[in-house]
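Spelled out from the first residue to the last, the chains are:
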Amino acid sequence: MNTIKVTFMMLTLMMLFGCLGYYFGGQNGMIIAFLIAAGMNFFSYWFSDKIVLKMYKGRQITEADHPRYYRIVQNISNVAMVPMPKAYIVPSKAPNAFATGRNAEHAAVAVTEGLLEILDDGELEGVISHEFAHIVNKDMLIGTIAATFAGAISIIATIARFGAMFSGGSGSDRRGGGLGILIAAIVAPIAAMIIQSAISRKREYKADEVGGRFTGKYKELASALDKLNRAPVKLNLDKKPATAHMMIVNPLSGKGLVSLFSTHPPAEKRIERLHQMADQKYYQ
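Everything quoted here is computed from the prediction, not taken from an experiment. (Residues numbered from 1 in each chain as written. Predicted model: local features only at pLDDT ≥ 70, side-chain atom pairs only at ≥ 80, totals over all residues. Heavy atoms only, no water.)

**Student:** Please clarify how the sheet that holds strand 4 (residues 107-112) should be interpreted in this entry.
**Tutor:** Sheet strands associate in pairs through backbone hydrogen bonding, adopting either a parallel or an antiparallel arrangement. Taking strand neighbours across the sheet as the criterion, the four strands line up as 1-2-4-3 in an open arrangement whose pairing is mixed. A single partner strand is all that each edge strand has here, and the edge strands are strand 1 (59-60) and strand 3 (97-101). Note that strand 1 and strand 2 (residues 86-90) share two bridges and pair antiparallel. Residue pairing in the sheet places Arg59 in a bridge with Ile89 of strand 2. (Pairing = 2+ DSSP bridges. Helix = DSSP H or I, 4+ residues; strand = E, 2+ residues; numbered from the N terminus.)

Dropping the structure here:
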């Protein structure tokens with residue numbers, strides 16, 4: 001299913017760029033836009049981990065750099081029976097975590113400095129097991145492609161706004177074209193958020209469940225989510241929300257239109273479900 005989603009989004013991105021290129025530059029513009037979209041798909045597929053980690057200035061660590069974090073990643077990789085992903089630390093006081101890469105053989109797990117400071121060992125195990133669930137469930141590629149897709153739609157919206165301002169022609173053609181581009185400029189960012197929301201919400205519930213099965217740390221993960229959700233410092237991406245869906249907790253402020261298309265289920269519901277799963281495990 002994830003493979004179908006990835007293929008669909010890649011093709012849709014190319015068609016969107018192609019249509020926009022044709023509108024502004026005719027057949028030559030369509031070819032150029034099509035090649036740009038193909039290039040974006042190529043780089044997002046093969047270099048997704050490097051792109052995201054560089055965006056957040058992630059630093060790869062060894063066991064000597066951070067033994068507690070490294071050993072937890074190593075232990076859970078053995079339990080999950082997947083190759084050990086590269087471990088990264090993001091220089092931010094905002095507590096959060098994510099996994100990236102195109103598959104289990106090219107995966108990376110990243111946590112922020114803030115997360116390492118506020119979580120105990122059990123809570124950190126719960127968070128890392130959640131990220132391993134994304135690796136096992138093959139969620140990382142679709143998440144990264146969605147980030148590329150959302151970012152590309154933002155580019156289209158920006159081009160459309162300039163097109164509406166500076167479009168040539170006169171009369172009904174100009175009004176109709178300008179209106180169409182203006183509608184696209186309004187709808188495109190909303191469509192990007194809807195795509196992220198549709199992809200992310202169920203994935204987070206499933207990753208909580210699968211991650212809990214790896215370590216049995218249901219309540220510890222619930223405690224970690226509570227701490228991360230209540231943290232006063234956020235990875236505030238309101239002005240650049242394309243990667244928000246990759247985080248373990250929502251990094252957005254929740255203000256304005258952004259709150260209508262949250263990329264995550266409510267933390268309270270996730271915590272409640274985790275406690276229910278822990279109780280079920282206890283009574284089995």
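After that view of the structure, there is still more to cover.
**Student:** Would you mind showing me how to read the pattern of salt bridges here?
**Tutor:** Oppositely charged side chains can form a pair if their charged atoms are brought close together. Summed over all chains, the structure comprises nine salt bridges. Across the pair Glu63 and Arg71 runs a salt bridge, and its minimum N-O distance is 2.7 Å. Take Glu63: its relative accessible area is 32%, and that puts it in the partly exposed class. Judged by its relative accessible area of 45%, Arg71 is partly exposed. One salt bridge in this structure joins Glu123 and Lys227, with 2.9 Å as the shortest N-O distance. Separated by 104 residues along the polypeptide, Glu123 in helix 5 (residues 121-136) and Lys227 in helix 8 (residues 218-230) bring together distant segments of the chain. (Salt bridge = Lys/Arg side-chain N within 4 Å of Asp/Glu carboxyl O. Buried < 20%, exposed > 50% of the residue type's maximum accessible area, 1.4 Å probe, protein only.)

**Student:** Can you walk me through the packing of aromatic side chains in this structure?
**Tutor:** What characterises a pair of aromatic rings is the spacing of the ring centres plus the angle enclosed by the ring planes. A complete count under the given rule lists two aromatic pairs for this structure. Taken together, a centroid distance of 5.5 Å and an interplanar angle of 90° make the contact between Phe42 and Phe43 edge-to-face. Of the residues examined, Phe42 reaches a relative accessible area of 44% and is grouped as partly exposed. The class for Phe43 is partly exposed, based on a relative accessible area of 45%. A ring pair is formed by Tyr56 and Phe98, whose centres lie 5.5 Å apart and whose planes are at 45°; its orientation type is tilted. Here the residue Tyr56 occupies a position in the loop between helix 2 (48-55) and strand 1, and Phe98 occupies one in strand 3, the gap between them amounting to 42 residues. For the pair shown, Tyr56 and Phe98 are each scored as buried. The lysine or arginine in question, Arg273, covers the ring of Tyr205, its NZ or CZ lying 4.1 Å from the ring centre. (Phe/Tyr/Trp six-rings, centres within 6.5 Å; stacked < 30°, edge-to-face > 60°. Lys NZ or Arg CZ within 6 Å of the ring centre and 35° of its normal.)

**Student:** Would you mind showing me how to read the packing of helix 5 against helix 8 here?
**Tutor:** Helix packing for two helices is described by the angle between their axes and how far apart those axes are. In the contact formed by helix 5 and helix 8, the axes pass within 7 Å of each other and the chain directions differ by 90°. Comparing the axis directions of helix 5 and helix 8 gives the class roughly perpendicular. Contacts between helix 5 and helix 8 involve Gly122, Glu123, Gly126, Val127 and His130 from the first element and Glu220, Leu221, Ser223, Ala224 and Lys227 from the second. Of the residues contributing to the contact of helix 5 with helix 8, the split by class is three nonpolar, four polar and three charged. (Axes fitted to C-alpha atoms, helices over the stretch in contact; angles between N-to-C directions. Parallel < 35°, antiparallel > 145°, perpendicular 65-115°, else oblique. Contact = heavy atoms within 4.5 Å. Nonpolar A, V, L, I, M, F, W, Y, C, P; charged D, E, K, R; others polar.)

**Student:** Sorry, what's going on with the side chain of His134 here?
**Tutor:** Position of His134 among the secondary structure elements: in helix 5. Looking at His134, the relative accessible area reads 6%, which means it is buried. Reaching out from His134, the side chain makes a polar contact with the side chain of His130 at a distance of 3.1 Å. A polar contact is formed between the side chain of His134 and the side chain of Glu204, at a distance of 3.4 Å. Setting aside residues no more than four positions away along its own chain, His134 makes contact with Asp139, Met140, Arg203, Glu204 and Ala207. (Polar contact = N/O pair within 3.5 Å; in protein donor to acceptor, adjacent residues only side chain to side chain.)

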